[in-house]
Amino acid sequence: MKGVVGRIYGEASSTEFTFFIFNPREVKRTDYVKVWNDIDGWVVAQVVDVKATSESVAEGRNVEKEVYIGKAVVIGKRDENGVLRTPKTPFVPGENVFKAEEELIIDVLGLEREGVYIGLLEDHDIKVRLDTNSLVQKHCCILAKTGSGKSYTAGVIMEELMEKDVPLLIIDPHGEYATMKEPNRNRDELEKMELFGIKPKGYGDKIRIYVPPNSPFTDRADGVLKLDGKNLSAEEIFELTGLNNSSAQALLYQAIKNLKGTDYTIEDIISEVEGIKHNAKWTLLGALEKIVESGLFDSDATPLDILLRRGRAVVLDMRGVPPEHQQLIVSRICGRLFEMRKRNEVPAGMIVIEEAHNFIPERGFGKAISTPVLRTIASEGRKFGLGLMVISQRPARVDKNVISQCNTQIIMRVTNPNDINAVKKGVEGLTSEMVDEIKRLPPGTAMVVSPELEKPIIVRVRVRKSMHSQAVGVVEKTSKLGKLEKRKGKSERGEKGDSRSIFRKMFGG
Ligand SMILES: Nc1ncnc2c1ncn2[C@@H]1O[C@H](COP(=O)(O)OP(=O)(O)O)[C@@H](O)[C@H]1O
Ligand SMILES: [Mg+2]
């Protein structure tokens, strides 16, 4: 019979069954099969395990043969209203098991026919598309260990969103996303494009690179993002300056209290403090001067509505900017954008946060001034059309609440036990088999979980249309020779060293 790959044997229930596999080359783990159920008709199941055992085929004699046994877990079938149903009666041993056709798989899994195309369903030619609105408005996270393809996948999603003109703001601590202006020229990847049905493409017309004023890369940017430094809170100032002298802190609270009610600048705080008679004021003034000197703030501030515009992706390249400045910048711009979004002064869009553990650390893993704002956007953003894409290689160190607020969860290879635990806690409905799967995922392969999908799916993420630049940590793992050559190249160009690697030391991972 056409498409028959096996036969149910032994005990079968309505939710799972085991089956003899006729040809081990035809059935692999993760494959989709279908079985006839007398009451429900064709029901789809997924192969979750394949075992080979040997069995004596001739009584009394020493003749053995391998037998392949598959275990399948039932997904179900769509009823006439499109609702997925699982049968209530068991499958019948002896019933044939067939390969499921693509259309049936798409239908049963709840894959979209339009939307954000992220790759192919593992071992199938089926394009996985995710619902654009749900992905953007209800947040999305990408979690995996370094080198497994997080930033690459994030880039794939950004390409798709740029093509749909979704406004994007990309917080880019390693300056990885500027290369998306150019088409992909990686030879291996170009070869795979046909498989995924795509063509190389650069997004130079959509992407604008901004840097903070104290960035070492202002010359390479399209613009400098100047913040106005208005109404800094005492806590923000402590974070920025590391001021921990309690008398000086008390003076700052006092000065800010005196200024409350009006918009105030750092200069206003300074003149307020200058008027105070207390020895600690000099420590405080020193700290405040540091803020002024950092050049982060400017009375001629950049209007923030440039950060979220239809058909535009702004990459905020923060390479070489100290972590506490990065956190403050993120806190300020995200806070303002959220306010502007509520007043409809900027369109709905998405903020991408790379290295999210640095901006929304889990309790016990450091503090960041950006935490409250990002938490608020995670819990309320969807009401106002402001989505987050949270990316991190340390799931255990990212605020758990934020992860569980993400409707679309993209999990790539994770092996660290603490991170695995965090994924188990933050991602609903993972079975222990799926957790084992996560530990084994090859680079560029992702498990995608979302309420729109009937169950987590494994996706081979498509290649990028645009150029991907690897973050420094991955590049640094090249051979010693490669390193030597790089160093040589540097001294020839008279560069002092790799400011990116210095930066990595400050910020980790
Ligand atoms: N879907 C993919 N297709 C092809 N290559 C990929 C894919 N995903 C990742 N890679 C390769 O793996 C490397 C590491 O991916 P990257 O996204 O930079 O890792 P990280 O998880 O550390 O952000 C990339 O430079 C690229 O060469
Ligand atoms: Mg990365």
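Here the structure is a predicted model, which means the values were calculated and not measured. (Residues numbered from 1 in each chain as written. Chains lettered and ligands numbered in written order. Predicted model: local features only at pLDDT ≥ 70, side-chain atom pairs only at ≥ 80, totals over all residues. Heavy atoms only, no water.)

(A) The arrangement of the domain arrangement of the protein in detail. For the protein, the assigned domains are domain 1 (4–109), domain 2 (116–215 + 303–461), domain 3 (230–295) and domain 4 (472–509). If you average the C-alpha positions of domain 1 and of domain 3, the two centres end up 69 Å apart. (Domains from an automatic or database assignment.)

(B) Up close: the side chain of Ser331. Note that Ser331 resides in helix H9 (residues 323–342). Beyond its immediate stretch of four places on either side in the chain, Ser331 contacts Glu236, Ile369, Ser370 and Val373. (Helix = DSSP H or I, 4+ residues; strand = E, 2+ residues; numbered from the N terminus. Contact = heavy atoms within 4.5 Å.)

(C) Quick look at the pairing of strand S19 (residues 457–461). Within S19, 4 of the 5 residues are buried, leaving the element largely enclosed by the surrounding structure. Summarising the sheet, strand S8 (residues 116–121) and S19 pair through 3 bridges and their orientation is antiparallel. Bridging from a neighbouring strand, Leu120 pairs with Arg460 of S19. Strand direction decides the pairing type here: strand S18 (residues 445–449) and S19, joined by 4 bridges, are antiparallel. For Thr445, the partnering residue across the bridge sits in S19 and is Arg460. (Buried < 20%, exposed > 50% of the residue type's maximum accessible area, 1.4 Å probe, protein only. Pairing = 2+ DSSP bridges.)

(D) Representation of the packing of aromatic side chains in the model. The tally for this structure, following the rule as stated, stands at 7 aromatic pairs. Look at Trp42 and Phe98: their rings are 5.1 Å apart centre to centre, the planes differ by 85°, and that puts the pair in the edge-to-face class. Residue Trp42 is located in strand S4 (residues 41–56), and its partner Phe98 is located in strand S7 (residues 96–99); the two are separated by 56 residues in the primary sequence. Given a relative accessible area of 33%, Trp42 falls into the partly exposed group. An aromatic cluster is built from Phe17, Phe19 and Phe91, whose rings are joined through pairwise contacts. Across the ring face of Phe217, the terminal group of Arg319 is positioned such that the distance to the ring centre comes to 3.8 Å. (Phe/Tyr/Trp six-rings, centres within 6.5 Å; stacked < 30°, edge-to-face > 60°. Lys NZ or Arg CZ within 6 Å of the ring centre and 35° of its normal.)

(E) Molecular detail of the nonpolar core. Ranked by internal contacts, the top residues of the largest apolar core, which has 80 residues, are Ile171, Ile269, Leu288, Ile333 and Ile351. If one sorts the elements of this core by residue count, H9 sits on top with 8 residues. Both domains that furnish three or more residues to this core are identified here as domain 2 (116–215 + 303–461) and domain 3 (230–295). Among all residues touching Ile351, those that are not within four sequence positions of it are Leu169, Ile171, Cys334, Leu337, Ile377, Leu386, Gly387, Leu388 and Met389. (Core = buried A, V, L, I, M, F, W, Y, C linked by side-chain atoms within 4.5 Å.)

(F) Inspection of the environment of Arg462 at higher detail. Relative to the assigned elements, Arg462 resides in the loop between S19 and helix H14 (472–475). C-alpha of Arg462 to C-alpha of His124: the two residues are 338 residues apart in sequence and 13 Å apart in space. Arg462 has contacts with Tyr117, Ile118, Gly119, Tyr152, Val156, Glu159, Glu160, Phe196 and Ile198, leaving out every residue within four places of it along the chain.

(G) How the structure looks around the environment of Ile209. Mapping Ile209 onto the fold places it in strand S12 (residues 207–211). A relative accessible area of 5% means that Ile209 is categorised as buried. Between the C-alpha atoms of Ile209 and Val314, which are 105 residues apart in sequence, the distance is 5.9 Å.

(H) Just the sheet that holds S19, in detail. Spatially, the 12 strands line up as an open sheet ordered S9-S8-S19-S18-S17-S10-S16-S15-S11-S14-S12-S13, and their pairing is mixed. The sheet terminates laterally at strand S9 (127–130) and strand S13 (223–224), the two strands that pair on one side only. Pairing analysis gives 3 bridges linking strand S17 (residues 408–411) to S18, with the strands arranged antiparallel. Each residue of the ladder has a partner; that of Ile410, found in S18, is Val448. Contacts between helix H4 (residues 187–196) and the sheet are confined to S8, S9 and S19, with S19 contributing the most and set at about 135° to the helix. (Axes fitted to C-alpha atoms, helices over the stretch in contact; angles between N-to-C directions.)

(I) Quick look at the packing of helix H6 (residues 246–259) against helix H7 (residues 266–274). Contact geometry of H6 with H7 gives a least axis separation of 9 Å together with a crossing angle of 115°. With respect to their mutual orientation, H6 and H7 come out roughly perpendicular. Pair H6 / H7 crosses with right-handed handedness. Counting all contacts with H6, which are made through Leu252, Ala255, Ile256, Asn258 and Leu259, the residues of H7 involved are Asp268, Ile269, Glu272 and Val273. Looking at the contact of H6 with H7 residue by residue, the class counts come to 6 nonpolar, 1 polar and 2 charged. (Parallel < 35°, antiparallel > 145°, perpendicular 65-115°, else oblique. Left-handed = near helix turned anticlockwise from the far one by under 90°. Nonpolar A, V, L, I, M, F, W, Y, C, P; charged D, E, K, R; others polar.)

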